[in-house]
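Here is what each chain is made of, one letter per residue.
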Amino acid sequence: MPADNDTLRKQIIEAIASQHRPTVTVLSSLLAIQDSIGYIPDEAIEEVAVQQNTTVNAVFGVASFYPNFRFSPPNKHSIEVCWGPTCHLQGSSNILQAVLNYLELKEEGDTEDGEFSFRFNTCLGACSQAPVISVNHELFGKISPDESINIINKIKSSDPHHK
Amino acid sequence: MNFEELKNQADEKWNQLNDSPTPVIRVGTAMCGHASGAFRVIQALKTLLAEKKIDAIIEEVGCIGLCYAEPLIDIKKQGKSRLFFNNVSVNNIEEIVEEYLVNNKIKNASTLGYLGKEGSVFNEPDLNTLPGIALQERIALRNAGHTAPGDIFQYIANGGYSGLNKALSTMEPSDVIEEVKNSGLRGRGGAAFPTGIKWSFLVGSPGPTKYILCNCEEGDPGAFNDKGILESDPHTLLEGLLIAGYATGASNGIVFIRHGHDGPINRTEEAIKQAKELGILGKDIFGSGFDFDIEVSLTGESYVAGEETALMEAVEGKRSMPRYRPPFPAAFGVWGKPSNINNVKSLSYAPEIISKGADWFSSIGVNKSTGTAIVCLSGDVNQPGLYEVPMGLTLQQVINDLGGGMKKDQTLKLLQTGGPLGGVLGPDSTDIHIDFDEMRAAGAIFGSGGIIVGSNKVCAVDLTRILVAFCQFESCGKCFPCRLGMEHLLEIVERISNFESQPGDMDLMKSVGGTMESGSLCGHGQLGFGPIRSAITHFEEDFRLHIEERICPTGSCNNPKIVPKNTRPYAQDFVAGVKND
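I will try to describe carefully the structure that is included in this document.

Reading the values: rules and limits
Residues numbered from 1 in each chain as written. Chains lettered and ligands numbered in written order. Predicted model: local features only at pLDDT ≥ 70, side-chain atom pairs only at ≥ 80, totals over all residues. Helix = DSSP H or I, 4+ residues; strand = E, 2+ residues; numbered from the N terminus. Buried ≥ 20, exposed ≤ 12 C-beta atoms within 10 Å, placed from the backbone. Contact = placed C-beta atoms within 7 Å. Nonpolar A, V, L, I, M, F, W, Y, C, P; charged D, E, K, R; others polar. Pairing = 2+ DSSP bridges. Axes fitted to C-alpha atoms, helices over the stretch in contact; angles between N-to-C directions.

### Topic: the overall build of chain B
And then number 1: Counting its secondary structure elements, chain B contains 24 helices and 16 strands.
And then number 2: By principal-axis analysis of the C-alpha atoms, chain B measures approximately 75 × 65 × 55 Å.
And then number 3: Per-residue burial over chain B gives 57% buried out of 581 residues.
And then number 4: Intrachain contacts of chain B at a sequence separation of at least 6 include 73% that bridge at least 24 residues.

Below, the structure is given as structure tokens:
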């Protein structure tokens, strides 16, 4: 759809242009795009290559290297569960298991209903509160599998599109 | 504005705040506060104050170190000490407001202690007498939990930027380097290289553009002290960077932080903005003719980006893969310019070293480990926290006095120190002192300060599996001994933990580990076998049980094993990894 494509390109160009830090690089532009539209579409790879005067391959090389970039639109809510050593010792594998079961996922990915995108996180940076999960970038520490499910459930039921 | 005018202005504001007729409520909002719900508490508090029409100043501060007590808030009423309430939640905040703010008494709310010369408010103890505070000697974190990171005047009123002013007005750059050398300060990023000597490498490099980089990548699981400093007191880092810049003749500073850690990023950028507004950053700082600029650079998620040459690649916007050395960063660094990379903690000591002198700093600590250790204590202890203590404490003191001992009905089994490339120590290691050299000799490293405590409910094989899985996940893929070796090691450790080990597995791991050590460019591959080696040394019995008896002593290895897949292109199925343009 060309119209949509144009809008997407506009968003991308604006995200690249509106970076406030003085040094603009391939990586900083990609991060800005991901922050703005949530993922890195093919058009973004092209625009960054043009703007940074490099090749699409070089840009994709950077994008595919860092696991925080994704290449398809994310679902509405993000869920991250920490699996770092401290969280692991404090029972994060039970949380992972419970959350994956609840979301009907086997590994990192998006739920089919378009609600949740699930990711592992190697360290959310709050080890003293382990185990920690992040829901829409809000941290929840010292959490149990049941509490994790409750939080996710609450988001789901407060969503007007869901019953 | 010169420094004296700034200082007077700051003092005036600070005194006003401390003597404010309106109560001042400080809320700990570092990562630990965030994860325990501090922002939800603030929101509830604001609603409550508006409803009840109570006037109060709410200040977001950093981490005082007692992460176990978070969300920790304190209320300062005029003429009274600061009264600390621990483990506040949206459920009991109303009680606190009602009891103390409105009725000026305490019935049910749980208080932790007081701080202030006015003495106790209701017979609660002096916070300074709690072991978690009493044992601390705070230098880099001296303001954490006390001043608002978003207010530069609070920093200046508490002695901030006076070290920089002293350096600029009374010292030559070479004096500054001598002072840092004499203090014995060693890099807190892991390698413990003397900071003064490191700085001196940059002095002779040609200018005018030279960079001082500050590494706050901090991907180490178990470590949160760099982020803690940036969230609690970003100006101390900026001042350290400025001092390093003056000493080495650098023109620019770059603070390198992982994307997604919004607390440290936002607070650092706000601090930079404020410093620029007051002329502490930019041209002709304090009229000395010294120019310096600082910006924040973000990396994607990559542990290896914390390696100094990989960090420079990421600053340039590329994949964070280590470079060959030589040329060393002092000759050819970021954008090909001379560069010097320091950890957040190392730089954050500089202001106090310059203010109080090298002798003062070197009188703290032991042997060749001067100053303080910023310990990130987590795991099976009662009081996990962010503790800045003099070097030389024993691990026993860390666990029992700072950590408040092991959790109920648990005994100490292992200590994982120095991050995933560090080591695993056994229960007989508690007499070891926190000393860079002593810990290295024991087969672990102090590294960036993370200490994870594991109880008798922890299986050493299970923990090793997670550490190796982390290292495999984070291998950047540049050197094949690391790229393939980590995968191979993970395969073997998983086999052992699945009770499917094959004869010769232990020897095979050692052989793979040896190849990684000698064939990798950076510490990730060189040290990646370290945790396995130390785990095998200290927990041979755990490994033997899995291998010979096919049982796990704690049952942890019977749980489903869920770890993420490494999605970097080299690790994917080749065809799936090719992008069609």
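### Quick look at the interface of chain A and chain B
And then number 1: With 43 residues of chain A at the interface, the matching set in chain B holds 55 residues.
And then number 2: Mapped by element, the contributors of at least two residues to the side of chain A that touches chain B are α2 (26-37), α4 (56-65), α5 (85-89), α6 (92-103) and β5 (138-140) of chain A.
And then number 3: In terms of residue count, the dominant contributor to the side of chain A that touches chain B is α4 of chain A (six residues).
And then number 4: In terms of residue class, the side of chain A that touches chain B is built from 23 nonpolar, 16 polar and four charged.

### Concerning the sheet that holds strand β2 (residues 57-61) of chain B
Residue and element names in this part refer to chain B.
And then number 1: The strand order across the open sheet built from five strands is β2-β1-β3-β4-β5, with neighbouring strands paired in mixed fashion. Whereas interior strands pair on both sides, the edge strands pair on one side only; in this sheet they are β2 and β5 (111-115). Strand-to-strand twist across the sheet, computed as the mean angle between neighbouring axes with direction ignored, equals 20°.
And then number 2: Note that strand β1 (residues 24-28) and β2 share five bridges and pair parallel. The residue bridging Val24 from the neighbouring strand is Ile57, located in β2.

### Things to note about the sheet that holds strand β6 (residues 211-216) of chain B
Residues and elements named next belong to chain B.
And then number 1: Across the sheet, which stays open at both edges, the four strands sit in the order β8-β7-β6-β9 with parallel pairing between neighbours. Single-partner strands in this sheet number two, and they are β8 (293-299) and β9 (339-343). Here the strands of the sheet are splayed against their neighbours by 25° on average, with no regard to which way each runs.
And then number 2: Pairing geometry for strand β7 (residues 252-258) and β8, over seven bridges, is parallel. From the neighbouring strand, Phe256 faces β8, where its bridge partner is Ser297.

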